[in-house]
Amino acid sequence: MKALTYLGPGKKELMEKPKPKIEKETDAIVKITKTTICGTDLHILSGDVPTVEEGRILGHEGVGIIEEVGSGVKNFKKGDRVLISCITSCGKCENCKKGLYAHCEDGGWILGHLIDGTQAEYVRIPHADNSLYPIPEGVDEEALVMLSDILPTGFEIGVLNGKVQPGQTVAIIGAGPVGMAALLTAQFYSPAEIIMVDLDDNRLEVAKKFGATQVVNSADGKAIEKIMELTGGKGVDVAMEAVGIPATFDICQEIVKPDGYIANIGVHGKSVEFHIEKLWIRNITLTTGLVNTTSTPMLLKTVQSKKLKPEQLITHRFAFTDIMKAYEVFGNAAKEKALKVIISND
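The structure contained in this document is the topic of the report that follows. Every value quoted in this text rests on a predicted model; they were computed, and no experiment measured them. (Residues numbered from 1 in each chain as written. Predicted model: local features only at pLDDT ≥ 70, side-chain atom pairs only at ≥ 80, totals over all residues. Heavy atoms only, no water.)

1. Let's talk about the pattern of salt bridges
In plain terms, the rule: Should a side-chain nitrogen of Lys or Arg be within 4 Å of a carboxyl oxygen of Asp or Glu, the pair is scored as a salt bridge. Only DSSP runs of H or I with at least four residues qualify as helices, and only runs of E with at least two residues qualify as strands; both kinds are numbered from the N terminus onward. Accessibility here uses a 1.4 Å probe with only protein chains present; expressed as a share of the type maximum, an area under 20% marks a residue as buried, one over 50% as exposed, and anything in between as partly exposed.
For the structure shown, the criterion picks out 15 salt bridges. Across the pair Lys208 and Glu205 runs a salt bridge, and its minimum N-O distance is 3.3 Å. Of this pair, Lys208 and Glu205 are both found in helix α7 (residues 201-210), 3 residues apart, which corresponds to roughly one turn of the helix. On the accessibility criterion, Lys208 (45% relative accessible area) is partly exposed. Residue classification places Glu205 among the partly exposed residues on the basis of a relative accessible area of 41%. In this structure, the salt-bridge partner of Glu254 is Lys278, at a minimum N-O distance of 3.1 Å. Of this pair, Glu254 sits in helix α9 (residues 246-255) while Lys278 sits in helix α10 (residues 276-279), placing them 24 residues apart in sequence. A relative accessible area of 32% places Glu254 in the partly exposed class. Lys278 sits in the partly exposed class, given a relative accessible area of 43%. Salt bridges sharing common partners tie together Glu23, Asp27 and Arg124.

2. As for the sheet that holds strand β9 (residues 193-198)
Selection criterion: The pairing criterion for strands is at least two bridges between them, as found by DSSP. Fitting a line to C-alpha atoms yields each axis, with helices limited to the stretch in contact; the angle taken between N-to-C directions then spans 0 to 180 degrees. Two residues form a contact once any of their heavy atoms are found within 4.5 Å.
Read from one edge to the other, the open sheet built from 6 strands follows the order β10-β9-β8-β11-β12-β13, with strand pairing classed as parallel. Of all strands in the sheet, those with a lone pairing partner are β10 (214-217) and β13 (285-287), marking the two edges. Averaged over all neighbouring strand pairs, the angle between strand axes comes to 15°, with direction disregarded. Sheet analysis places strand β8 (residues 169-173) next to β9, joined by 5 bridges and oriented parallel. Residue Ile173 lies in a different strand from β9, and its bridge partner there is Val197. Taken strand by strand, helix α5 (residues 150-160) contacts β11 (236-241), β12 (256-264) and β13, and its axis lies near 160° from that of β12. Relative to the sheet, α9 contacts β8, β11, β12 and β13, its axis offset from that of β12 by approximately 155°.

If you want it as structure tokens, here you go:
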């Protein structure tokens, strides 16, 4: 089968790899019909995730059709259409029983990280009963690709961790796909203001269409002053970091008001300066996290009812054989006006 393979920092190739096989009775083999590229894949290629070995098939998002199931799989059968969660969970260990699927003792974020992932014609899914979701009849499968990772991530690690409440002022630093997912799902809780911050005017215009009440272009280095001006010098109740670089984390530290929340969503490959000397007195809460995907069933219902329309995030579509071009476009998102790309293997 063809698969997008990591060959070390900065190197990847679409190459022939053996089709995966059932290894444990709880496994399923899924034929991928649609997948996508995540910012985390770019972090891997930048060398920010050294646990990814050379030769690994990348990708942790997608939808597909069950090709084969192990004897221990009870909830799925051959031919079922499924949504693949970016998080693999056994459902039985201590962490899973707390809903902490991200830290499953026999799973967590392993697809495209510690085991081969979804940017391939076929993928092996361990603990299939807990790591796949049936696709309801008539639901847009492209929209559901957004439910593998970015929507639950933006919602759980940004909105829920940040404890967004009605009437609050929220700032989201980074208008990439995860930042946009946080913007869409923050509106479940009716904040009064959502300020979107990015370097890219195109993304900021899109953010306005998605519900941002104010936008700030941070290219001039004056984002902090602009946000403080917009908030009458008070700062924001919730500052979400959705990029994963020191500069954006610094903005969050400067704009959060007393008793506010900094919800870090971004994947950080470098250390940041945490200004505890300023923040210790301000009663702020800092949260971090890897998505647990406990919200996926709820989000699936909101997509099914059309209350949430994640297909809005899709800007480009490619055939699976053009995945290298898809990476080129996604890696130059500002120039290409790209948010999420869909890679089809139908």
